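Spelled out from the first residue to the last, the chains are:
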Amino acid sequence: MPQILDHGVSGRLNAPVAIMKKVEGRTLESVLADPSFNPTVEEALKIARGVSATLKYAHEQVGIEPFIHRDVRPANIMGTPSGETVLLDWSTGKIGNGN
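Rules of the game
- Once a new chain begins, its residue numbering starts again from 1 and follows that chain's sequence as written.
- A pLDDT threshold of at least 70 governs which residues receive local features in this predicted model, and a stricter bar of 80 or more applies before side-chain atom pairs are shown or counted, although totals over entire chains, interfaces and linings include all residues.
- For the side-chain quantities, the full set of heavy atoms in the structure was used; hydrogens and water were omitted.
- Within this document, salt bridges are pairs made up of a side-chain nitrogen of Lys or Arg and a carboxyl oxygen of Asp or Glu, the two lying within 4 Å of each other.
- Strands are runs of DSSP state E lasting at least 2 residues, helices are runs of H or I lasting at least 4, and numbering of each runs from the N terminus.
- Pairing of N or O atoms within 3.5 Å defines a polar contact, subject to two protein rules: one partner must be a possible hydrogen donor and the other a possible acceptor, and residues neighboring in sequence count only if both atoms are side-chain atoms.
- The contact criterion used throughout is that any non-hydrogen atoms of two residues lie within 4.5 Å.
- The criterion for strand pairing is that DSSP finds at least two bridges linking the strands in question.
- Grid spacing is 1 Å over the protein atoms alone, the probe is 1.4 Å, and a cavity is where that probe fits but cannot get out, while a pocket is an open set with protein on both sides within 12 Å along at least five of seven lines and lining residues have an atom within 4 Å of a point.
- Grid points are joined across faces, edges and corners, and a volume is the space filled by probe spheres set on the points.
- Charged means Asp, Glu, Lys or Arg here, nonpolar means Ala, Val, Leu, Ile, Met, Phe, Trp, Tyr, Cys or Pro, and polar covers whatever is left, Gly included.
- Take the residue count of a helix, subtract one, and multiply by 1.5 Å to get its expected span.
- The rule is simple: take the accessible area with a 1.4 Å probe, protein chains only, and divide by the maximum for that residue type; under 20% is buried, over 50% is exposed, in between is partly exposed.
- The arc in question is the one spanned by the directions pointing from the helix axis to the C-beta atoms.
- Every residue is assigned a pLDDT by the predictor, reflecting its confidence on a scale from 0 to 100.

Trainee: Lay out the pattern of salt bridges with the relevant residues and their values.
Mentor: Evaluated as defined, the whole model comprises three salt bridges. The closest approach of N and O atoms between Glu-24 and Lys-22, which form a salt bridge, is 3.7 Å. For Arg-73, the salt bridge identified is with Asp-71, shortest N-O distance 2.9 Å.

In structure tokens:
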């Protein structure tokens, strides 16, 4: 999850906003489009574990109601040069059980 630098409420829309630190790297979407990409099982599991750990963290932060990302897809998963997996674009997220 990118580091949140600031947060507040959008004036015109009166909607919550978060300013997050820019993340350098490649999205999983661009990596998957590379025909030479042939990950090992361990590499694929590392990505999946990174995403699931981020979602687990987000679900635990809000309290009684979980935070639901609602847009987990390869374009929103980034691998950094240091090997970290980052889940991007929390703008469609929702607090609650998804109903």
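Trainee: Describe the side chain of Thr-80, and please don't skip the residues or the numbers.
Mentor: One can find Thr-80 in the loop between strand 5 (77-79) and strand 6 (85-87). A distance of 3.0 Å separates the side chain of Thr-80 from the side chain of Ser-82, its partner in a polar contact. Residues in contact with Thr-80, not counting those within four places in the same chain, are Val-23, Glu-24, Gly-25 and Val-86.

Trainee: With reference to specific residues and values, describe the sheet that holds strand 3 (residues 26-27).
Mentor: With antiparallel pairing, the three strands of this open sheet are ordered in space as 3-5-6. Either end of the sheet is taken by a strand with one partner, and the two such strands are strand 3 and strand 6. By the bridge criterion, two bridges tie strand 3 to strand 5 in an arrangement that is antiparallel. Across the sheet, Thr-27 pairs through a bridge with Met-78, a residue of strand 5.

Trainee: Could you give me a rundown of the layout of surface pockets, with the residues and numbers involved?
Mentor: Of the volumes computed, that of the second largest pocket is approximately 270 Å³. Phe-37, Glu-43, Ile-47, Gly-79 and Thr-85 are the residues nearest the centre of the second largest pocket, which is lined by 16 residues in total. Of all the secondary structure elements, the ones that give two or more residues to the lining of the second largest pocket are strand 3, helix 1 (28-33), helix 2 (41-61) and strand 5. Tallied by class, residues from the lining of the second largest pocket come to seven nonpolar, five polar and four charged.

Trainee: Please give an account of helix 2 that cites residues and values.
Mentor: An α-helix turns once per 3.6 residues; consequently, residues spaced three or four apart project the same way. Between its first and last C-alpha atoms helix 2 spans 30 Å; for 21 residues at 1.5 Å apiece the expected length is 30 Å, and the two agree. Of the positions making up helix 2, those classed as buried are Gly-50, Val-51, Thr-54 and Ala-58. An end-on view of helix 2 places all buried positions within 85° of arc, on one side of the element. More than 90 degrees from the buried face of helix 2, the exposed residues found are Val-41 and Lys-56. Structurally, helix 2 contributes buried residues whose contacts are with strand 4 (67-68), strand 5 and strand 6.

Trainee: Before we move on, could you go through the confidence of the model for the protein and cite the residues and values that matter?
Mentor: For the protein, per-residue confidence averages 81 on the pLDDT scale, and residues scoring 70 or more make up 76% of the total. When pLDDT is averaged over each element of the protein, helix 1 comes out on top at 95 and strand 1 (residues 4-9) at the bottom at 66.

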